[in-house]
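# Overview (structure and organization)
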Amino acid sequence: MPAILLTTLVAPLAFLITDWFTQTDKSALFAFLNRTTLLLIGKSLLMAGLSAFFATLAGGLCSFFLHKLSFKWNRFYKIALVMPLLISPYIFAVAWNGGLHLVLGNDASIFSSAGVVLVHSLVFLPLAFIIIGSALSQINATYEEAGLMLVSFKKMLVRIILPLVKPAILISFLLVMIFSLSDFSVPAYFGVQTFTTEIFTQFSALYNFPLAIGQSVLLLTICFAIMFSEAKYLSDSPFFTISLKGNTSKKYSINRGKGFLHLWFWFLLFISLVLPVVLLTIQSSAGNWLIIKKAWQLLEPTFGYSLGLAFTGTVIITLSALWIAYTARVYNSKLPNSLMMIIFVVPSTVSGISLIRFYNHPSLAFVYGSFLIILLAYLGRFGFIASRIIANGLKQIPESLMEAALLAGASPVKIFFSITIPLLIPSLLATFILSFILCWGELGVVIMVYPPGAELMNIKTFTISANAPLALTSTMTLLNLCITCLLIAMFLLTGRVLFKKYSYAFY
Amino acid sequence: MGKFSSFISGILVPLVFLLSSCQNKNQVVVYTSVDQVFSEPVLKDFEIKTGIRVRAVYDTEETKSTGVMNRLIAEKDNPQCDVFWSGDPVRNGVLQSKGITFPFQSVQTNLIGEAFKDPENHWIGFSARARVLIYNKNMTSSDSLPKSVLDFSNPSYRGQFTIANPLFGTTTFHLAAIFTLLGDEKAKYWMDSIKQNGVIIAASNGDVKRKVMNGEIAFGLTDTDDAFEAMKESDAVGFVFIDLEETGIGTLIMPNAVSLIKGAPHSENAKKLIDYLISQETESKLAVSCAQMPLIAGVKVPENVPSLENIRPMKIDYKSVSGKLEDIQPWLKSWLEK
C-alpha cells in the first residue's frame, strides 16, 4: 500500500517540487520569503485560528447540549446542524451578502476579514459538531456517575468530561484551521487578501508558477506542521466515530433553560441553513416552473457519470482508508497515514498541477485521459480524513475480542471479516457518507484535471452559473442539494439494514 | 488481500487500456473560457454539422479561467488540447508568449479585419463584446451617468460605482488599454483618483452585474453580455456605452479569440472547428444568444444587438495591450492591496 500511494499520489507532488527547486533561478527561488509574505501568513493564520476557535466553541456547545442533555427535538437538531456541510462555502458567502443587504440595506460590513471569519465559522461548525459530539457520546457513564457522587455537576464537567473530550476539541480546532487556511472562495468573494488568495493570484493573474509553487510549499509546510503536531500528540486519542459499542453515555434532564436552548439552535439553523436555502429559493422562484425543467435538463446528462464517479471514489477511499488504518493498528505501520496527510494538506491548485505534470505523458494517457485521474484526485484529497475516522473506530474495538478469537483458533482473515468488519460498520458508514459528500462536491482539483468531454454535476452547475440567469443557477444549486440529501438518505437506510443484520456486534 | 488487489488491478488496468484505445479518433478537444451557457450550443451545432465529436473543457471568466489556463500551461510538453477559445485575446497572448499556440490561416480567417487578429495568426478574433456601464434605474438615470471612464474620478460619483477585480479578465484588459492610450503616469494618477473616490471592487464582472441588479450600487463597469443578461433578468437594469465622444478615448471592443494549439493531437479537425467558429453562422448565433457584435460583414443580427458602426472603438493594438498588461500587473496588484 505505501508503494502504491508513493507512486500514484506522492510522486506527482515530489516531481513538481523537485522541478521547481531545480528549474527555478536560484536567486528567485526564495524570493517569496519577505516581510509582506510573512505578515500575510500571520494575518491568514490569525483569521483561520479565529474561525477555528468560533467553530469549535459553537460546535462544542451544540455537541454538549445535544449529546448530554435530553430535550424535545434533539434528534432533529442533530441532523439539521450537519446539513450545512452540503452547502459550499461560496454559496454561504453569496447568501450572507444577499441576506445582509435584504435586512440592513447595506452589506459593506461583510466585505472584511470579520466577514470571512464569520462565514468560515458557520461553514465549518458542523465539522466541529460531529467530531466533538462523537467524542462526547463515547464517554462511559460510570466516569460521570462516579464524579457526581463526589463533586457538583459543574466540577464534574470541568474535571472529567472536558479532559476526556480535549483531544477531540483540539483536533476539531486544527482541522477547521487547515480547512479555513486553504479555502480560497470566501476571501476572494469578500475581497480579503489572504495567503491562499495570494497564491491563486500568482497562478491565475500573473502566471508566475515558480513563485506560486514556492508559496504553496510554504503553506504546505505550515499545514504539515499543524497536522504533524496532531499526528504526534493526538493520533491515539479517539475523536471521530459513530460507534455504539459499549455506549453507556449519560444524558441529563433539564428543567430550566429549554427555551434558551431552542432559541440558540434556531438562531444557528437560521443563519447557517435557513438563510442560504431561503435565499436560493427566493432567487429560484424569480423564474417560472419551466426553470426547474430547464435546470433538470442541464443536470440530467451529468447525473449518471457524477454518481458513478463519486460512488467509485468513495468505495476506493473507504477501502484504502480501511487498509491504512488496519495495517497501522496490526502492523504499526504509520507511513501510509503520514503520506496521506502530506497529500491532504496540499492546496488544490498545486495538487491539480502536480497531477497534470506527472500523468500527462503518452505512456500514462490511460490515467490522464480517463476517469482514473479524478479518482486519484478524490483519494488524495479525502483519503486522510477517511483513514482517521476508521483508525479511531478500530481503536474502539477491545483487543480482548481478537485475542479470544485467536485463542479459539480463528485465523486472522476470519477474525477480520467476522469480528473487525461487523464492529466497524458504524465507522465505515460514517466514512462512506462523509467521503461521498466530499467527492460529490469536490471542485478545486477536479476542475483542473477532468477529462475533456466529461460532464460532472457540480462542475456544470459552477460553469453554467457564470452568466446564466440567477433563477436558473439557484434552481440548479437547490436541485443539487436535494439530490445529495436523497442519496445520503438512501445510504443511511442501507446502513440501517446493515446495523440490524449485525446488531449482535453493537449490544 | 494481496490476491484481491491483484485481481482488481488485473481486471481494471486492461479495461482502461481497452477503453482508451477505443476512443473515437474523429474528435476535437477544445478548452474554452467562454461561459458554457453560450459556448456549448455552438460546439454542439458543430458536432451535428460535421460529425466530429467535440470534447470540451469549460471554465469561466468568473473563476479567472484558472482551470483551462493553468492546464494549458502545464500540458505544454504533451498537449491534449487542439483549440483554445477565449472570451478575449489577452489569454491567447499569454499562451503565445509561452510558445503554446501555433499560427493558423485559412479562407475564413481572412474574413476578419487586421485589427482583430494577431499579425502572425496565433489568434483570430470573431464576435466581439464591448465594455459598457450597467446601472440601476431606481438609483440613477442614464443622463446622470459618467460619459467616460475617466469621469469616475469625479467627486459626484463618490462610492456609487463598482469595477471587477483589476487583476483578472476583461477588467485587466480594459485597464491595460487605458494605460496604453494615456501613458503610465496619467493612467496611474487616474487609478489612484478612482480609489480615493471610493470605487467598490467586485469579485468579477458577474458580481458587478449582481450588485447593480440587487440595488447594492448605482452603476458599474462590465461587458455587453453581462449587461444583456442583467436586462433579461431585471427591468430595473439598463446599460449605456461610454467614451463615445470624438475627443474621448473610445469604447473598448473585445473580440472572442481562437487559437490552434502547438502540437495539437487532432490538428485537422481543430482547423475545421476554427473555421466554423470564424463564420457568419457562429457570429449570428452569438449575436442572438449573448448580443455579441459580429466582425464579419453581412451577418444578420437581432435589433437589440449594437452595431460596431455606431460605436467609436478604442484605437489599440491588441498585441501591445497584451504586452502592457504583463508590465502593469504588479502595479495593479499593489494598487489593489493599498
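Okay, the overall build of chain A next. What chain A contains, in helices and strands, is 22 helices and two strands. Long-range pairs, those at least 24 residues apart, make up 83% of the contacts in chain A between residues at least 6 apart in sequence. For chain A, the accessible area works out to roughly 21400 Å², and carbon and sulfur atoms hold 71% of it.

With that settled, the discussion passes to the packing of helix H19 (residues 412-441) of chain A against helix H22 (residues 470-501) of chain A. All names here are of chain A. For the pair H19 and H22, the least separation of the axes is 11 Å and the interaxial angle reads 165°. Considered as vectors, H19 and H22 are oriented roughly antiparallel to each other. Handedness of the H19/H22 crossing: right-handed. Taken together, the residues of H22 that come into contact with H19 (itself represented by Ile425, Pro426, Leu429, Phe432, Ile433, Phe436, Ile437 and Trp440) are Asn480, Ile483, Thr484, Leu487, Ile488, Phe491, Leu492, Gly495, Leu498 and Phe499. When its residues are assigned to classes, the contact of H19 with H22 shows 15 nonpolar, three polar and no charged.

Next up on the list: the interface of chain B and chain A. Taken residue by residue, the interface counts 52 residues in chain B and 52 residues in chain A. Summed over both sides, the interface between chain B and chain A buries roughly 4400 Å², with carbon and sulfur atoms accounting for 60% of that surface. Across the contact surface, chain B and chain A share two salt bridges. Viewed at the interface, chain A and chain B are joined by eleven residue pairs in polar contact (both at pLDDT 80 or more). If you tally residues by element for the side of chain B that touches chain A, the top one is helix H3 (residues 66-74) of chain B, at seven residues. The residue inventory of the side of chain B that touches chain A, partitioned by class, reads 17 nonpolar, 14 polar and 21 charged.

This brings us to the domain arrangement of chain B. All names here are of chain B. Splitting chain B by domain gives domain 1 (24-128 + 253-305) and domain 2 (130-252 + 325-337). On the side of domain 2, 21 residues touch domain 1, which itself brings 18 residues to the contact. Summed over both sides, the interface of domain 1 with domain 2 buries roughly 1600 Å², with 61% coming from carbon and sulfur. Counting across the domain 1 and domain 2 interface gives zero salt bridges. Taken together, domain 1 and domain 2 are joined by one residue pair in polar contact (both at pLDDT 80 or more). Counting residues per element, the ones that place at least two in the side of domain 1 that touches domain 2 are helix H4 (89-97), strand E10 (253-261) and helix H10 (280-290). For the side of domain 1 that touches domain 2, the element with the highest residue contribution is H4, accounting for four residues.

Time to look at the nonpolar core. Among the nonpolar cores identified, the biggest contains 272 residues, and Leu81(A), Phe265(A), Tyr378(A), Tyr450(A), Trp85(B), Phe152(B) and Phe219(B) are the most heavily contacted of them. Beyond its immediate stretch of four places on either side in the chain, Phe265(A) contacts Cys62(A), Phe65(A), Leu66(A), Phe71(A), Tyr77(A) and Leu81(A). Ranked by size, the runner-up nonpolar core spans nine residues in total, among them Ile134(B), Ala164(B), Val208(B) and Ala230(B).

Our focus in this paragraph is the side chain of Glu144(A). Residue and element names in this part refer to chain A. The topology assignment puts Glu144 in helix H7 (residues 141-150). Taking the relative accessible area as the measure of exposure, Glu144 reaches 0% and is therefore buried. In contact with Glu144, not counting residues within four places along its chain, are Lys68, Ile139, Met156, Ile161, Lys250 and Tyr252.

With that settled, the discussion passes to a positive patch on the surface. All names here are of chain A. Among the surface-exposed residues, Arg75, Lys251, Arg496 and Lys500 lie close enough to one another that they form a single positively charged patch. As for its position among the elements, Arg496 is in helix H22. Judged by relative accessible area, which is 59%, Arg496 ranks as exposed.

So, about the environment of Pro306(B). Residues and elements named next belong to chain B. Mapped onto the secondary structure, Pro306 falls in the loop between H10 and helix H11 (318-337). We classify Pro306 as buried; its relative accessible area is 14%. Sequence spacing of Pro306 and Gln292 is 14 residues, and the spatial spacing of their C-alpha atoms is 8.2 Å. Pro306 has contacts with Phe228, Phe241, Ala291, Met293 and Ile311, leaving out every residue within four places of it along the chain.

Now for the packing of aromatic side chains. Each pair of aromatic rings is reported with the distance of its centres and the angle of its planes. Scanning all chains against the criterion turns up 37 aromatic pairs over all chains. Of the aromatic side chains, those joined through ring pairs into one cluster are Phe64(A), Phe65(A), Phe71(A), Trp73(A), Phe76(A), Tyr77(A), Phe265(A) and Trp266(A). Lys195(B) extends its terminal NZ or CZ atom over the ring of Trp335(B), reaching a point 4.6 Å from the ring centre.

Cut-off values and rules
- Numbering of residues begins from 1 in every chain and follows the order in which that chain's sequence is written.
- Lettering of chains starts at A and numbering of ligands starts at 1, both following the order in which they are written.
- Local features in this predicted model are restricted to residues of pLDDT 70 or higher, and side-chain atom pairs are both shown and tallied only at a pLDDT of 80 or more, whereas totals for entire chains, interfaces and linings draw on every residue.
- Only hydrogens and water are removed before side-chain values are computed, so all heavy atoms of the structure are retained for them.
- Only runs of H or I of at least four residues qualify as helices and only runs of E of at least two qualify as strands under DSSP, and these elements are numbered from the N terminus.
- Contact between two residues is taken to exist if any of their heavy atoms lie within 4.5 Å; hydrogens are not considered.
- Calculation of accessible area relied on Shrake-Rupley with a 1.4 Å probe; when residues are assessed, cover is drawn exclusively from the protein chains displayed.
- Between N-to-C directions, angles span 0 to 180 degrees; the directions come from axes that are lines fitted to C-alpha atoms, helices contributing only their stretch in contact.
- Working rule for angles: under 35 degrees goes down as roughly parallel, over 145 as roughly antiparallel, 65 to 115 as roughly perpendicular, anything else as oblique.
- Two helices that cross are described as forming a left-handed crossing if the nearer one is turned anticlockwise from the farther one by less than a right angle, and a right-handed crossing if clockwise.
- Any residue that is not Ala, Val, Leu, Ile, Met, Phe, Trp, Tyr, Cys, Pro, Asp, Glu, Lys or Arg is counted as polar, Gly included; the first ten are nonpolar and the last four charged.
- Summed over both partners, the accessible area lost on bringing two parts together, with a 1.4 Å probe, is the buried area.
- Here a salt bridge means any side-chain nitrogen of Lys or Arg lying within 4 Å of a carboxyl oxygen belonging to Asp or Glu.
- By the criterion applied in these results, polar contacts are pairs of N or O atoms within 3.5 Å in which, for protein atoms, one can donate a hydrogen and the other can accept it, and in which residues neighboring in sequence qualify only through two side-chain atoms.
- Residue ranges labeled as domains rest on an automatic or database domain assignment.
- Residues enter a nonpolar core if they are buried and are Ala, Val, Leu, Ile, Met, Phe, Trp, Tyr or Cys, with the set joined through side-chain atoms within 4.5 Å.
- Exposure categories follow from relative accessible area, calculated using a 1.4 Å probe and restricted to protein chains: below 20% of the type maximum is buried, above 50% is exposed, and the middle band is partly exposed.
- The patch calculation keeps residues exceeding 30% relative accessible area without a salt bridge and links them within 9 Å when they carry like charges or within 5 Å when they are nonpolar (Val, Leu, Ile, Met, Phe, Trp, Tyr).
- The charge count treats Lys and Arg as positive and Asp and Glu as negative. His and the chain ends do not count.
- Here the site of a charge means NZ on Lys, CZ on Arg, CG on Asp, or CD on Glu.
- Each aromatic pair joins two rings of Phe, Tyr and Trp (for Trp, the six-membered one) with centres within 6.5 Å, and gets the label stacked for planes under 30 degrees apart, edge-to-face for over 60, and tilted for any other angle.
- Whether a charge lies above a ring is judged from NZ of Lys or CZ of Arg, which has to be within 6 Å of the ring centre and within 35 degrees of the ring normal.

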